[in-house]
Amino acid sequence: AARALVALRANFRVERIAVVDAGEQSSGITCDWTQAREPYRNDMKLIQRGFAFVYVGTIVDQKQTEPLSESISKQLNSDMTSAQEAREAAVQWGLVPSLRDTNPFAHVGYKLASRFIRVDGVAIDHLADYLLAERTLDEQQLLAWFERHATPLSLEELEQSITY
């Protein structure tokens, strides 16, 4: 739910979101944030928001007090792969010369994800409850839920509040 909300607030296209049970092969969310490169016209902002998209789910999962389930363990591994892909995109797009130089983007993305969870926690919980009831939402269903239930929130303001 948190990843879907970050994606929607960042204007990333979310094709599908689903509750996945242990053993299922499908991913919980279908969203390729790199497809927003042309409309964004700001690779640095897109990379930072891409990291926020990746890390928000990890942060939520880490807050669980129960032992890690197999599905959460698989999701954490998937998140590590997604973070690596964000690092590779930063290099491919010419923002930095090497993967070692991507840490500042990851740091800003992590801080944005953390701030987002604190500010939008009620919406995350509400969408999670709705998703548990529905099990799967396609793009149109998710957008309809978002229009009805999400309060206005500016990622630009969150980004400015974490800059130092």
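Residues numbered from 1 in each chain as written. Predicted model: local features only at pLDDT ≥ 70, side-chain atom pairs only at ≥ 80, totals over all residues. Heavy atoms only, no water.

Novice: Please provide a residue-by-residue account of the sheet that holds strand β1 (residues 16–18), values included.
Specialist: Spatially, the three strands line up as an open sheet ordered β2-β1-β3, and their pairing is antiparallel. Either end of the sheet is taken by a strand with one partner, and the two such strands are β2 (29–30) and β3 (136–138). In the sheet, β1 pairs with β2 via two bridges, with the strands oriented antiparallel. Paired with I17 across the bridge in β2 is I29. (Pairing = 2+ DSSP bridges. Helix = DSSP H or I, 4+ residues; strand = E, 2+ residues; numbered from the N terminus.)

Novice: Tell me what's going on with the pattern of salt bridges, and back it up with residues and numbers.
Specialist: Scanning all chains against the criterion turns up six salt bridges. With its nearest N and O atoms 2.8 Å apart, the salt bridge here joins R37 to D43. Between E159 and R49 there is a salt bridge; the shortest N-O distance is 2.7 Å. Taken as a pair, E159 in helix α7 (residues 155–161) and R49 in helix α3 (residues 43–62) lie far apart in primary sequence, 110 residues in all. Neither E159 nor R49 differs from the other in exposure class; each is buried. (Salt bridge = Lys/Arg side-chain N within 4 Å of Asp/Glu carboxyl O. Buried < 20%, exposed > 50% of the residue type's maximum accessible area, 1.4 Å probe, protein only.)

Novice: How would you sum up the packing of helix α5 (residues 103–134) against helix α6 (residues 139–149)? Please name residues and give values.
Specialist: Packed helix pairs are specified by the crossing angle of their axes together with the interaxial distance, meaning the distance between the axes. For the pair α5 and α6, interaxial distance at closest approach is 12 Å and the crossing angle is 140°. Taken together, the axes of α5 and α6 are oblique relative to one another. As for the relative orientation of α5 and α6, their crossing is right-handed in sense. For the pair α5 and α6, the contacting residues are A123, H126, L127 and Y130 in the first and L142, W145, R148 and H149 in the second. In the contact of α5 with α6, the residues fall into five nonpolar, two polar and one charged. (Axes fitted to C-alpha atoms, helices over the stretch in contact; angles between N-to-C directions. Parallel < 35°, antiparallel > 145°, perpendicular 65-115°, else oblique. Left-handed = near helix turned anticlockwise from the far one by under 90°. Contact = heavy atoms within 4.5 Å. Nonpolar A, V, L, I, M, F, W, Y, C, P; charged D, E, K, R; others polar.)

Novice: A description of the nonpolar core should follow, citing residues and the corresponding values.
Specialist: Counting residues in hydrophobic clusters, the biggest one holds 48 residues, and the most contacted among them are F12, W33 and F53. Broken down by secondary-structure element, the contributors of at least two residues to this core are α1 (2–9), α3, α4 (70–92), α5, α6 and α7. For this core, the element with the most residues is α5, which contributes ten residues. The residues touching W33, leaving out its near neighbours within four places in the chain, are F12, L46, I47, G50, F53, A86, A89 and W93. (Core = buried A, V, L, I, M, F, W, Y, C linked by side-chain atoms within 4.5 Å.)

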